[in-house]
Amino acid sequence: MTSIVIGVDIGTTSTKAIALSPQGQVLAHHNVDYPLLRPEPAAAEQDPQQILEAVLAVIQHCVASCRQAHADARFLAVSFSAAMHSLILVDDDDQPLTHSITWADNRAAPWAERIRQEWDGLAIYRRTGTPIHPMSPQSKLVWLRHEQAQLFARARRFVGIKEFVLHRLFGQWVIDHSIASATGLFNLQQLAWDEGALQLAGVSAEQLPQPQPTTHALRGLDPDIARQLDLPADTPFV
C-alpha cells in the first residue's frame, strides 16, 4: 500500500498542494492562481469563495494523480499552512460579508497609529507578540468598527481565510495557535484570546474561531466534498 500525505499552502497569489510519501518523495503537485483585488487605494482583498475552489482543485488534482499512478494509494492526512493576517466578516448564515482582507491591506494604518500612541499598544504587543500594524486583524477590526460600523454590526464572526476554508469542509470554526498568534488578539502566555485586545477591537471570544494546537486534526469531511475530492470522509485534515 502506497501511503501519501498531502500538504496545502493557501498563499496570497495562489494555493499550492504537494503529495508526498512518508519518505519525502514527491508524488504529485499542483497550484491554482487568483488575483489580488484593489477596489480602492490601500485595499488588498481576495475572493474567499475563489480561494476555497482553488483549495479543492489542488487537492483533487493531487488525489487523482496519485490514484492514477498508484492503485493502492492510501491518504494518511491533508495538512495546511496559510498566509497570516487575513480577515473575513461572516454573517449569521456563515456567509462572508466581505472579501478576505489580506495582510497587504493598509487601510487601517491611521487606527494602528492610534492604538500605538493612545490605546496602550505596547502592552497589547507584549501580550500578543503581534506588532501594532495595519496588517494585523486587530488593527483591521478597530478600523472597521469605527469607519464601517453598520457592516461591523452585521458580523456574527471574524475569521481568517484558513478558518473559512476549514469551516466549509467540516462545519467547525477553529484556528491554530500559529495563525491566532498573528491576529494581535491572542495572548501568548495563556494560549487564549486576550481580553484587553478583544475589548479594543469590539469583539468577543465567541465571535472568533476556537483556538487549537497546530497538530489538531479535523475528521468528518462534508460528504459532498469527500466525493468531489475522492477522499474518505474520515481522512484527518491537520
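What comes next concerns the included structure. Computed from a predicted structure; not experimentally measured. (Residues numbered from 1 in each chain as written. Predicted model: local features only at pLDDT ≥ 70, side-chain atom pairs only at ≥ 80, totals over all residues. Heavy atoms only, no water.)

## Description of the nonpolar core
Counting 42 residues, the largest nonpolar core has I6, V8, I10, I59, F80, L169 and F237 as its most contacted members. Contributions of two or more residues to this core are made by β1 (2-10), β2 (14-20), β3 (26-33), α1 (48-69), β5 (73-82), β6 (88-90), α6 (161-170) and α9 (223-229). Counting residues per element, this core draws most heavily on α1, at 10 residues. Apart from the residues lying within four places of it in its own chain, the contact partners of I10 are T15, Y34, I51, V55, F80, S81, A82, A83, I161, K162 and V165. Ranked by size, the runner-up nonpolar core spans 30 residues in total, among them I115, I132, F158 and I175. (Core = buried A, V, L, I, M, F, W, Y, C linked by side-chain atoms within 4.5 Å. Buried < 20%, exposed > 50% of the residue type's maximum accessible area, 1.4 Å probe, protein only. Helix = DSSP H or I, 4+ residues; strand = E, 2+ residues; numbered from the N terminus. Contact = heavy atoms within 4.5 Å.)

## Comments concerning the pairing of β3
In terms of strand pairing, β2 meets β3 through seven bridges, oriented antiparallel. Residue pairing in the sheet places K16 in a bridge with N31 of β3. Between β2 and β3, which pair antiparallel one after the other, the connecting turn spans five residues, and G24 there sits at a positive phi close to 95°. (Pairing = 2+ DSSP bridges.)

## Description of the layout of surface pockets
Reported here for the largest pocket is a volume of approximately 240 Å³. Taken together, 20 residues make up the lining of the largest pocket; nearest its centre are F80, K162, D176, T214 and V238. Of all elements in the fold, only β5, α6, β9 (174-176) and α7 (177-180) reach the threshold of two or more residues within the lining of the largest pocket. With four residues, the top contributor of residues to the lining of the largest pocket is β5. (1 Å grid on protein atoms, 1.4 Å probe; cavity = no way out; pocket = protein on both sides within 12 Å on 5 of 7 lines; lining within 4 Å. Points joined across faces, edges and corners; volume = space filled by probe spheres on them.)

## As for the packing of aromatic side chains
Under the criterion given, the structure shown has five aromatic pairs. On the numbers, 5.1 Å between centres and 65° between planes, the contact of F170 with F237 is edge-to-face. With F170 in helix α6 and F237 in the segment after α9, this residue pair connects regions lying 67 residues apart in the sequence. For the pair F170 and F237, one class covers both residues: buried. Members of the aromatic cluster, connected to one another through ring pairs, are F80, F170 and F237. (Phe/Tyr/Trp six-rings, centres within 6.5 Å; stacked < 30°, edge-to-face > 60°.)

## With respect to the side chain of S86
Positionally, S86 belongs in the loop between β5 and β6. At a separation of 2.9 Å, a polar atom in the side chain of S86 contacts the main-chain amide nitrogen of I161. S86 has contacts with S100, I101, T102, P137, V159, G160 and I161, leaving out every residue within four places of it along the chain. (Polar contact = N/O pair within 3.5 Å; in protein donor to acceptor, adjacent residues only side chain to side chain.)

## A word on unusual backbone geometry
A positive phi angle is found at L191, which is not glycine, with a value near 50°. You can see L191 is positioned in the loop between β10 (186-187) and β11 (192-193). What makes L191 partly exposed here is its relative accessible area of 45%. With a phi close to 60°, D230 is a non-glycine residue in the positive phi region. One can find D230 in the segment after α9.

## Focus on the packing of α1 against α6
Contact pair α1 / α6: the axes reach a minimum separation of 10 Å and the direction vectors enclose 65°. Judged by the twist between their axes, the crossing of α1 over α6 is right-handed. Residues P48, Q49, I51, L52, V55 and L56 of α1 form the contact with α6, whose participating residues are I161, F164, V165, R168 and L169. Grouping the constituent residues of the contact of α1 with α6 by class yields nine nonpolar, one polar and one charged. (Axes fitted to C-alpha atoms, helices over the stretch in contact; angles between N-to-C directions. Left-handed = near helix turned anticlockwise from the far one by under 90°. Nonpolar A, V, L, I, M, F, W, Y, C, P; charged D, E, K, R; others polar.)

## Structural notes on the sheet that holds β5
Pairing is mixed in the open sheet, where four strands are placed in the order β3-β2-β1-β5. Edge positions in the sheet fall to β3 and β5, since each has one partner strand and no second. Taken pair by pair, the neighbouring strands of this sheet meet at an average axis angle of 15°, ignoring direction. Its contacts with the sheet put α1 on β1, β2, β3 and β5, and the angle it makes with β3 is roughly 155°. Sitting on the sheet, α6 touches β1 and β5, and the angle it makes with β5 is about 145°.

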